[in-house]
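Structural characterization, general
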Amino acid sequence: KAQPDGYTLFLAALPVMAVVPAVQKVRYDSLKDFAPISNIGTNPFALVVNKDLPIHSLKEFVEYVRTRKGEMSYGSAGVGSLNHLSMVLFLKQAGLDMVHVPYKGNAPALGDVVAGHVQAMFSNLSDALPQTKAGNVRMLAVSSEQRSILASEVPTVAESGYPKYKVLTWNGLMAPAGTPKEIVDKLSSEIAKAVKEPKFREQLVNYGADPLGDTPAEYRAMLERDISVWA
C-alpha cells in the first residue's frame, strides 16, 4: 500500500510469493499487488545423504530408497519450506516413498543428516558445501537446470535421469503495483549492471547464489511459473 513512486521497494523471496499464498490466507495477491523489477539471484538446493550410506549417485539413491519403502527418512527446514517441497516433487517424479521429518530450519536438519538420524535432504547449497568438503555428507545432485559454479563436479537432477525436474529459490526486487514503467525499467537496468560488478557477483556467489538480474517481464514469467508449480 506504499506510494508507487519507486522509493519503497520489496525484496521478495519465492516462498512468500508462491508457496505461502497456496497454504494459508494472505492479504496480498502476488501477481496483482506488486510490480516485478528484477530477480537479483537464484539459489539451487543440493541433495545430500549421510556419508555412511553406500550411495554415490542419484541412480543409487533411487534404487536404495525403492528397496526400502517407508524405511528411509529425509529432513527439511519445516513443513511447506521449499527444500521440503523439493523432495516431495522429486519423490513424486521418481515414484518413491520416504518419511518426512521437519525441523526448525535448514541447519538443524542438515546436522541430523550428518549424525545419521535422517538419511537425506535437499539442503541449501551454501550450508551443504562446507559439510560436503569436510566429508560429513555426500552431495549427489543439485536442483537447478545447470550445474552450480560452486560445485561444478556435481550433476543436476535433470541430467541424472529426471529432465523435468528443476527447483530454484530466488530473491528479487519488487515495487508496489502502479509504479510507472520508466521507474521500474530504470531500477531493473541498475540491478542488471550491479550483478555484473565483480565484487557484488563474488559476494552473491559466496552466499551460494547465482547472479541473475533479469528484466521485469522475465521476472514476472518466472513468478507465474512458480505459482503454478507450487500451488
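A few points on the structure. Keep in mind the model is a prediction, meaning the values are calculated, not measured.

1. So, the nonpolar core
Where a protein is soluble and globular, its nonpolar side chains tend to be buried together. The biggest cluster of nonpolar side chains holds 40 residues, and the ones touching the most others in it are Phe 61 and Phe 90. Taken together, the elements giving at least two residues each to this core come down to helix H1 (14-23), strand S2 (34-50), helix H2 (58-66), helix H3 (82-94), strand S5 (120-124), strand S6 (137-142), strand S7 (168-176) and helix H8 (216-230). Leu 110, Leu 129, Val 142 and Val 154 belong to the second-largest nonpolar core, a separate cluster that totals 16 residues.

2. What to know about the environment of Arg 147
Tracing the sequence through the fold places Arg 147 in the loop between S6 and S7. A sequence separation of 103 residues divides Arg 147 from Pro 44, and the C-alpha atoms of the two residues are 9.2 Å apart. Beyond its immediate stretch of four places on either side in the chain, Arg 147 contacts Val 142, Ser 152, Glu 153, Val 154, Pro 155, Thr 156 and Glu 159. A polar side-chain atom of Arg 147 sits 2.9 Å from the main-chain carbonyl oxygen of Ser 152. Side chain to side chain, Arg 147 and Glu 159 meet in a polar contact 2.8 Å long.

3. Some remarks on the pattern of salt bridges
In this structure the tally under the stated criterion is seven salt bridges. Here Asp 52 makes a salt bridge to Lys 51, at a shortest N to O gap of 3.2 Å. Note on Lys 51: relative accessible area 35%, which makes it partly exposed. Within the structure, one salt-bridge network assembled from shared partners comprises Lys 186, Glu 190 and Lys 193.

4. Notes on the environment of Val 48
Looking at the element boundaries, Val 48 is found in strand S2. Between the alpha carbons of Val 48 and Tyr 74 there is a distance of 9.8 Å; along the sequence they are 26 residues apart. Excluding residues that lie within four positions of it along the chain, Val 48 makes contacts with Leu 110, Val 113, Gln 119, Ala 120, Met 121, Ser 123, Ala 128, Val 137, Arg 138 and Met 139.

5. Comments concerning the environment of Ala 175
Inspection of the secondary structure puts Ala 175 in strand S7. In this structure the C-alpha to C-alpha distance between Ala 175 and Leu 11, which are 164 residues apart in sequence, comes to 8.9 Å. Excluding its chain neighbours within four sequence positions, the residues that come into contact with Ala 175 are Leu 9, Asp 33, Phe 34, Ala 35 and Ile 37.

6. Describing helix H5 (residues 125-133)
Restricting attention to buried positions, one finds in H5 the residues Leu 125, Ala 128 and Leu 129. In a view along the axis of H5, the buried residues occupy a sector of 110°, so they form one face of it. Turning to H5, the residues buried within the fold contact S2, helix H4 (106-115), S5 and S6. Among the residues trailing H5, Gly 135 stands out with phi positive, at a value near 80°.

7. Points about the packing of aromatic side chains
Applying the stated criterion across every chain yields a total of eight aromatic pairs. Considering the side-chain rings of Phe 61 and Phe 90, the 6.5 Å spacing of their centres and the 40° angle between planes classify their relative orientation as tilted. You can see Phe 61 sitting in helix H2 and its partner Phe 90 sitting in helix H3, a full 29 residues away along the chain. A ring pair is formed by Phe 122 and Tyr 165, whose centres lie 6.0 Å apart and whose planes are at 20°; its orientation type is stacked. One end of the pair, Phe 122, is in strand S5; the other, Tyr 165, is in the loop between S6 and S7, with 43 residues separating them in the sequence. The pair Phe 122 / Tyr 165 is uniform in exposure class, with both members buried. The ring of Tyr 64 is capped by Arg 68, whose NZ or CZ atom sits 3.6 Å from the centre of that ring.

8. Some details on the packing of H4 against H5
Two elements in contact, H4 and H5, have axes whose closest approach is 10 Å; the angle formed by their N-to-C orientations is 25°. By the angle between their directions, the pair H4 and H5 is classed as roughly parallel. Crossing angle aside, the handedness with which H4 passes H5 is right-handed. Across the interface between the two elements, Asn 106, Ala 107, Leu 110 and Val 114 of H4 pack against Asp 127, Ala 128 and Gln 131 of H5. Considering only residue class, the contact of H4 with H5 consists of four nonpolar, two polar and one charged.

The rules behind these values
Residues numbered from 1 in each chain as written. Predicted model: local features only at pLDDT ≥ 70, side-chain atom pairs only at ≥ 80, totals over all residues. Heavy atoms only, no water. Core = buried A, V, L, I, M, F, W, Y, C linked by side-chain atoms within 4.5 Å. Buried < 20%, exposed > 50% of the residue type's maximum accessible area, 1.4 Å probe, protein only. Helix = DSSP H or I, 4+ residues; strand = E, 2+ residues; numbered from the N terminus. Contact = heavy atoms within 4.5 Å. Polar contact = N/O pair within 3.5 Å; in protein donor to acceptor, adjacent residues only side chain to side chain. Salt bridge = Lys/Arg side-chain N within 4 Å of Asp/Glu carboxyl O. Arc of directions from axis to C-beta. Phe/Tyr/Trp six-rings, centres within 6.5 Å; stacked < 30°, edge-to-face > 60°. Lys NZ or Arg CZ within 6 Å of the ring centre and 35° of its normal. Axes fitted to C-alpha atoms, helices over the stretch in contact; angles between N-to-C directions. Parallel < 35°, antiparallel > 145°, perpendicular 65-115°, else oblique. Left-handed = near helix turned anticlockwise from the far one by under 90°. Nonpolar A, V, L, I, M, F, W, Y, C, P; charged D, E, K, R; others polar.

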